[in-house]
Amino acid sequence: MVNQFPHFPAVALCQKHLGSAHVESHMLLGSLKRKRQITKHVEFDQVEVDTIKERHDELAKEMISRGYNHKSDLEDVSPHIKHLPKDILQKKADRGNVIHYLLYVKHCSECRKRFAIYLRRLIELGY
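Residues numbered from 1 in each chain as written. Predicted model: local features only at pLDDT ≥ 70, side-chain atom pairs only at ≥ 80, totals over all residues. Heavy atoms only, no water.

## Focus on helix α5 (residues 95-105)
Part 1 of the reasoning: Among all positions of α5, only V98, I99, L102 and L103 are buried. Buried residues along α5 cover an arc of 105° about the axis, so they all sit on one side.
Part 2 of the reasoning: For α5, the secondary structure elements touched by its buried residues are α1 (15-33) and α6 (109-124).
Part 3 of the reasoning: One side-chain oxygen at the N-terminal end of α5 lies 2.9 Å from the backbone nitrogen of G96; it belongs to D94. (Buried < 20%, exposed > 50% of the residue type's maximum accessible area, 1.4 Å probe, protein only. Helix = DSSP H or I, 4+ residues; strand = E, 2+ residues; numbered from the N terminus. Arc of directions from axis to C-beta. Contact = heavy atoms within 4.5 Å. Polar contact = N/O pair within 3.5 Å; in protein donor to acceptor, adjacent residues only side chain to side chain.)

## Section: the pattern of salt bridges
Part 1 of the reasoning: Per the stated rule, a full pass over the model turns up nine salt bridges.
Part 2 of the reasoning: Across the pair E58 and R55 runs a salt bridge, and its minimum N-O distance is 3.1 Å. Placement of both E58 and R55 in helix α3 (residues 52-65) is noted, with a separation of three residues, approximately one turn of the helix.
Part 3 of the reasoning: For the salt bridge of R66 with E62, the shortest nitrogen-to-oxygen distance reads 2.8 Å.
Part 4 of the reasoning: Here R66 falls in the partly exposed class, since its relative accessible area comes to 22%.
Part 5 of the reasoning: According to the relative accessible area criterion, E62 is buried, its value standing at 13%. (Salt bridge = Lys/Arg side-chain N within 4 Å of Asp/Glu carboxyl O.)

## Regarding the packing of α5 against α6
Part 1 of the reasoning: It is at 8 Å that the axes of α5 and α6 come closest, and there the two elements cross at 130°. As judged from the angle between their axes, α5 and α6 are oblique. Together, I99, L102, L103 and Y104 of α5 and C111, R112 and F115 of α6 make up the contact between the two elements.
Part 2 of the reasoning: Its residues assigned to classes, the contact of α5 with α6 comprises six nonpolar, no polar and one charged. (Axes fitted to C-alpha atoms, helices over the stretch in contact; angles between N-to-C directions. Parallel < 35°, antiparallel > 145°, perpendicular 65-115°, else oblique. Nonpolar A, V, L, I, M, F, W, Y, C, P; charged D, E, K, R; others polar.)

If you want it as structure tokens, here you go:
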């Protein structure tokens, strides 16, 4: 399953989901290069096409901050998305669906704990 968890803060992802979201960024690029349709992944809020590279870079930055070794930059995605319909290119993931899926469908207690800490920090900072 390709899932970048768009809109879920990278800092709040557990080790397993951080790594899998990163790997799936590369898988998405591979699918796009082969002109495969990723419509279902977009419709199910698993990815936002226009932010694949940005999301990869955000995930990579978080991996490095945790002391992981990141050596796999992602090339520019824009030349490989021309075959996708305009509505798929512009669709934004529903933040609530993404958070619900990861915390309650996947039942990831580590992501849930990290997300609670993330929210607490936001509150303390006055956001």
